[in-house]
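Listed below are the residues making up each chain.
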Amino acid sequence: MSRIRSVRSAAAAVATLDRRTFLAAATATATGATAGLGIAFGPGSGSAGASQPATAHAAGRRVVEAPAAPSTAGTTLETFSAAHGATGYRRLADGPAWAREVRTEITRAKGGREDRRTALASFVQLTDLHLTDVQHPMRYEFLRSGRAGAWRPHEALTVAGVASLIERINGLRGGPATGAPLSFVMTTGDNTDNNAKIELDWFLTAMNGGRITPNTGDPRRYEGVQNSGLKEFWHPEEALRDADKKVGFPRVDGFLEAALRTVNSPGLRLPWYSTIGNHDDLAGGVYSLGHDYYTDFATGKRKLEIIPAADAERLFKGTRVGDDPKGVQMKALLDAHAKDMRTVTPDERRAPFTQTEYLAAHLDPAATGSGPVGHGYTKDNLEQGTLHYSFRISENMIGISLDTTDPGGHYTGSLGTAQLRWLERTLKAHKDDYVIVFSHHYSRSLDNMNHDPGRPGEARHGGDEVVALFQRHPKVLAWINGHSHQNEITPRGTFWEITTASHVDFPQLARVFEVVDNHDGTISLFTTLIESAAPHRTDFSDLSQTGLAALYRELSFNAPGASQKLAGDATDRNTELLLRKP
């Protein structure tokens, strides 16, 4: 075994505190014990620089001379789901592992580094969970008449899938490359799908642990496209020869009842942090429709399920190029098809949440779970109306979470001037710290210059400008993001940009990160992908929570219109990424 010393973050040291103890400490007056817990959980700093109480230095120096032996168990270094058969609906089973690739585009790898390493940080990234109320009236399933990929046959199982992913993370023994204890989890946006209050509640409950009943509207029955009688959608319990059954999708009796059944999430055992995405902030992740219009439709009794294919194709193409950020054309389409809508049971829980409500939900003490209070967000964020923050990862490393969603509409993103200036100040204030940056959007998708309705005179800034800023600060080691639903790792001269696939589209992954000092003038970033804990093999008669999580993965692989390239190349998966030590 490699002789690796790992710095145990204070978060790992106290993560086993029971919830009552943590809440008591978090709400106590400023005592030494409270300050210690604050840094242990990496306090968010809102729109200011990350604070570092005096006790942080002592906490950061806790060294474990004999970390756990590195283990590939539960990772794609051990096995990955593989499809059997060449055509039609393909079943999954255990498949070959994905090897680790060493990438040296930024600097070369030096021999013997495996015997000199010191672990600086070890954590997990989740992204694009898309917890989905599939009966929500303001969904754009009706576009499937023109685009097969506009609706996913597996969407009703998102909650079971996320619970299984959390189970996998809880079961990891530490960093698979170093054995260093994992200190926190970061989710990089699109935590919800429809910007609905009920989905936000499901997300927070899933992350913190508890019971979730993924059903809205009529509590006695499903009201959605999967019992609509429309051939464009998979009807799992009916003999209807729908479009998905024509390509081999199975009949699964009892599917819809099981999909709406209560799910038990174990909750993360690690502290976790939250980053917002476009689906968390915009109607359908795209439109700035106006709160009142969206609320009335989302909580109402009308649901549009299908439109002519030509109309769907035209609307889809317009959405792709961002020609309707305010949803004017979408509103006109909904008005034109008012008589074609299905009647469903209204539900106030489907109302969209505002940014203030998003922050308040995270800051609610009942949503603390394994900590920290607010999951990165602070009272400063609530008072200032901001969604960016910094937090302490370890004694010599900070994390920065950005808000890259453009409130002006469209699914691509950007940064407003105020946030960009905050980012510049934060990097300058922490010139002696290593920096890991988190956001939802990746650099190439930061090209949206629509003005924020709340700050109409403020300029927006794109990905090239953000990359250049990071390159001026050599202690920025990585920019970690999602949004594309595809694995991609790109060298940026002085840092690595690491984009991770979603947990809604196959291959349904999350990523473990380990940052190590090689003590030879280089730093290594290890990235290791993980799947959920559900078995690769499915059984159509097994509608247990575990069985549904396995089916969630297999259905996502077979979803018509789904890309089979989202896993990326081998060099975008399990890697060792070399950097020059600044």
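Looking now at the pairing of strand β13 (residues 389–394). Of all 6 residues in β13, 6 are buried, a share of seventy percent or more. Adjacent in sequence and paired antiparallel, β13 and strand β14 (residues 397–401) are bridged by 2 residues.

Bringing the sheet that holds strand β16 (residues 434–438) into the picture now. On the basis of which strands lie adjacent, the open sheet formed by 6 strands has the order β13-β14-β16-β18-β20-β19 and mixed pairing. Because the sheet does not close on itself, it has two edges, and the strands there are β13 and β19 (488–491). Averaged over all pairs of adjacent strands, the angle between strand axes in this sheet comes to 20 degrees, irrespective of strand direction. Pairing analysis gives 4 bridges linking β19 to strand β20 (residues 496–499), with the strands arranged antiparallel. Opposite threonine 490, over in β20, you have glutamate 497 as the bridge partner. The sheet contacts of helix α14 (residues 417–429) involve β13, β14, β16 and β18 (476–481), and relative to β14 the element is tilted by about 175 degrees.

Across the chain, the average pLDDT comes to 89, with 88% of residues at 70 or higher. A low-confidence stretch, residues 1–45 stays under pLDDT 50, and its non-local contacts, those more than four residues away or across chains, total 105 contacts. This model gives residues 48–66 a pLDDT under 50, and the stretch forms 40 contacts once residues within four places in sequence are excluded.

This part covers the side chain of glutamine 419. Assignment of secondary structure puts glutamine 419 in helix α14. Those residues in contact with glutamine 419 that lie beyond four places of it in its chain are His388, Leu402 and Asp403.

A few words on the environment of serine 71. Tracing the backbone through its elements, the reader meets serine 71 in the loop between β2 (63–64) and β3 (80–84). For the pair serine 71 and glycine 174, spaced 103 residues apart in sequence, the C-alpha to C-alpha distance is 7.5 Å. Apart from the residues within four sequence positions on either side, serine 71 is in contact with Arg173, Gly175 and Pro176. Side-chain polar atoms of serine 71 contact the side chain of arginine 173, separated by 3.4 Å.

This paragraph deals with the packing of aromatic side chains. Any pair of aromatic rings gets described here by the distance separating the centres and the angle formed by the planes. Within the structure shown, the criterion is met by 26 aromatic pairs. Each ring, one from phenylalanine 470 and one from tryptophan 479, has its centre 5.3 Å from the other, and the planes form 85 degrees; the classification is edge-to-face. When sorted by exposure, phenylalanine 470 lands in the same class as tryptophan 479, which is buried. Taken together, Phe123, Phe184, Tyr273, Phe353, Tyr358, Tyr377, Tyr389, Phe391, Phe438 and Phe513 form an aromatic cluster joined through their ring pairs. Between the NZ or CZ atom of lysine 475 and the centre of the ring of tyrosine 434, over which it lies, the distance is 4.7 Å. Seen from the ring of tryptophan 98, arginine 573 lies directly overhead, with NZ or CZ sitting 4.4 Å from the centre.

What follows deals with the nonpolar core. Counting residues in each nonpolar core, the largest one holds 86 residues, and the members touching the most others are Phe255, Ile436 and Val515. Setting aside anything within four residues of it in sequence, one finds isoleucine 436 in contact with Phe123, Ile393, Met397, Ile398, Gly399, Ile400, Leu477, Ala478, Ile480 and Val515. Counting residues in each nonpolar core, the second largest holds 20 residues, with Tyr140, Leu143, Ile307 and Met330 among its members.

Next up on the list: helix α5 (residues 158–171). Every α-helix winds through 3.6 residues per turn, so residues three or four apart in the chain are directed the same way. Between the first and last C-alpha of α5 there are 20 Å, a value that for 14 residues agrees with the 20 Å anticipated at 1.5 Å per step. Taking burial as the measure, the 14 residues of α5 include 11 buried ones, the bulk of the element.

Under the defined criterion, the tally for this structure stands at 34 salt bridges. One salt bridge connects lysine 197 with glutamate 357, and the closest N-O pair in it is separated by 3.4 Å. Pair noted here: lysine 197 is in helix α6 (residues 197–208) and glutamate 357 is in helix α12 (residues 355–363), with a separation of 160 residues, a long-range link. Looking at glutamate 357, the relative accessible area reads 31%, which means it is partly exposed. Between glutamate 305 and arginine 342 there is a salt bridge, and its shortest N-O distance comes to 3.0 Å.

Turning to unusual backbone geometry, a few remarks are in order. Looking along the chain, the bond that leaves glycine 371 and enters proline 372 is cis, with omega of -10 degrees. Tracing the backbone shows proline 372 in the loop between α12 and α13 (379–384). You will see that histidine 130, though not glycine, has its phi angle at about 50 degrees, which is positive. By the element assignment, histidine 130 lies in the loop between β6 (118–126) and α5. Here histidine 483, not a glycine, exhibits a phi torsion of approximately 80 degrees, which is positive. Turning to its location among the elements, histidine 483 is positioned in the loop between β18 and β19. Overall, histidine 483 belongs to the buried group, its relative accessible area being 12%.

Reading the values: rules and limits
Residues numbered from 1 in each chain as written. Predicted model: local features only at pLDDT ≥ 70, side-chain atom pairs only at ≥ 80, totals over all residues. Heavy atoms only, no water. Buried < 20%, exposed > 50% of the residue type's maximum accessible area, 1.4 Å probe, protein only. Helix = DSSP H or I, 4+ residues; strand = E, 2+ residues; numbered from the N terminus. Pairing = 2+ DSSP bridges. Axes fitted to C-alpha atoms, helices over the stretch in contact; angles between N-to-C directions. Contact = heavy atoms within 4.5 Å. pLDDT = per-residue confidence, 0-100. Polar contact = N/O pair within 3.5 Å; in protein donor to acceptor, adjacent residues only side chain to side chain. Phe/Tyr/Trp six-rings, centres within 6.5 Å; stacked < 30°, edge-to-face > 60°. Lys NZ or Arg CZ within 6 Å of the ring centre and 35° of its normal. Core = buried A, V, L, I, M, F, W, Y, C linked by side-chain atoms within 4.5 Å. Expected span 1.5 Å × (residues − 1). Salt bridge = Lys/Arg side-chain N within 4 Å of Asp/Glu carboxyl O.

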